[in-house]
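Listed here are the chains, written in short residue letters.
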Amino acid sequence: MARRNGCLIGCLVAVVLGIGLLVLLLFGIGKAVDVADKTLVDPKVYEAVKAGDPASEVRAKLPSGETFVKEALKDGGPAVPAGAECSWYLSTAGDSDTVFRFCFKDGKLAEKADYRLK
């Protein structure tokens, strides 16, 4: 009888751990999809906007960019222009290590830059 109880407890522990791992996996996939939705920009969008374009028009073409990877995208880029507010994105092109940076100041796109992610 004790041996059967031990097996039952072991099986229950395995099931609980399996469910926990499945939940973590689904959470991780959800986070990856969330990052993709909020940080990927087509190179055509980057090329289409020019310094001096109204910020509202440029931002309308961009995803929010607000994800936990934002800080990592800042590494290796040029200095942020004084008084500007910038947003960082990854390119949707085959080389996913290209970062697009858009900096806004006084209601306009002040500067855009592209560089390799470190």
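Keep in mind that this is a model prediction, so the values were computed, not measured.

*Asks:* Would you take a moment to explain the state of the cysteines for this structure?
*Replies:* As used in these notes, a disulfide is a covalent bond between sulfur atoms, one from each of two cysteines. Across all of its chains, the model carries one disulfide by this definition. With its sulfur 2.0 Å from that of its partner, Cys-86 forms a disulfide with Cys-103. Here Cys-86 and Cys-103 share a disulfide; its torsion about the S-S bond, 105°, makes the bridge right-handed. Separated by 17 residues along the polypeptide, Cys-86 in strand β2 (residues 85-91) and Cys-103 in strand β3 (residues 98-105) bring together distant segments of the chain.

*Asks:* I keep staring at unusual backbone geometry and nothing clicks. Help me out?
*Replies:* Excluding glycine, residues mostly have negative phi values, and the peptide bonds linking residues are mostly trans. For Asp-106, which is not glycine, the phi dihedral falls at a positive 55°. Structurally, Asp-106 can be placed in the loop between β3 and β4 (108-116). The exposed category is assigned to Asp-106, whose relative accessible area is 70%.

*Asks:* How do you make sense of the environment of Leu-90 when you look at a structure like this?
*Replies:* In this structure, Leu-90 sits in strand β2. Assessed through its relative accessible area of 16%, Leu-90 is described here as buried. With 47 residues separating them along the chain, Leu-90 and Pro-43 place their C-alpha atoms 9.4 Å apart.

*Asks:* Sorry if this is basic, but what is going on with the sheet that holds strand β1 (residues 40-41) here?
*Replies:* Paired through backbone hydrogen bonds, the strands of a sheet run either parallel or antiparallel to each other. Strand order in the open sheet formed by four strands is β1-β2-β3-β4, with mixed pairing between adjacent strands. Strands at the two margins of the open sheet, each flanked by one partner only, are β1 and β4. Judged from the two bridges that link them, β1 and β2 form a sheet pairing that is parallel. Across the sheet, the residue bridging to Val-41 is Ser-91, located in β2.

*Asks:* Looking at this structure, I do not really get the nonpolar core. What am I missing?
*Replies:* Most often, soluble globular proteins have nonpolar side chains that are buried together. Grouped together as the largest cluster of nonpolar side chains are eleven residues: Val-41, Tyr-46, Val-49, Ala-55, Val-58, Leu-62, Tyr-89, Phe-100, Phe-102, Phe-104 and Leu-109. With three residues, the single largest contributor to this core is β3. If near-sequence neighbours (up to four positions away) are discounted, Tyr-46 is found in contact with Val-41, Phe-100, Phe-102, Lys-112, Ala-113 and Asp-114.

Cut-offs and rules
Residues numbered from 1 in each chain as written. Predicted model: local features only at pLDDT ≥ 70, side-chain atom pairs only at ≥ 80, totals over all residues. Heavy atoms only, no water. Disulfide = S-S within 2.5 Å. Helix = DSSP H or I, 4+ residues; strand = E, 2+ residues; numbered from the N terminus. Buried < 20%, exposed > 50% of the residue type's maximum accessible area, 1.4 Å probe, protein only. Pairing = 2+ DSSP bridges. Core = buried A, V, L, I, M, F, W, Y, C linked by side-chain atoms within 4.5 Å. Contact = heavy atoms within 4.5 Å.

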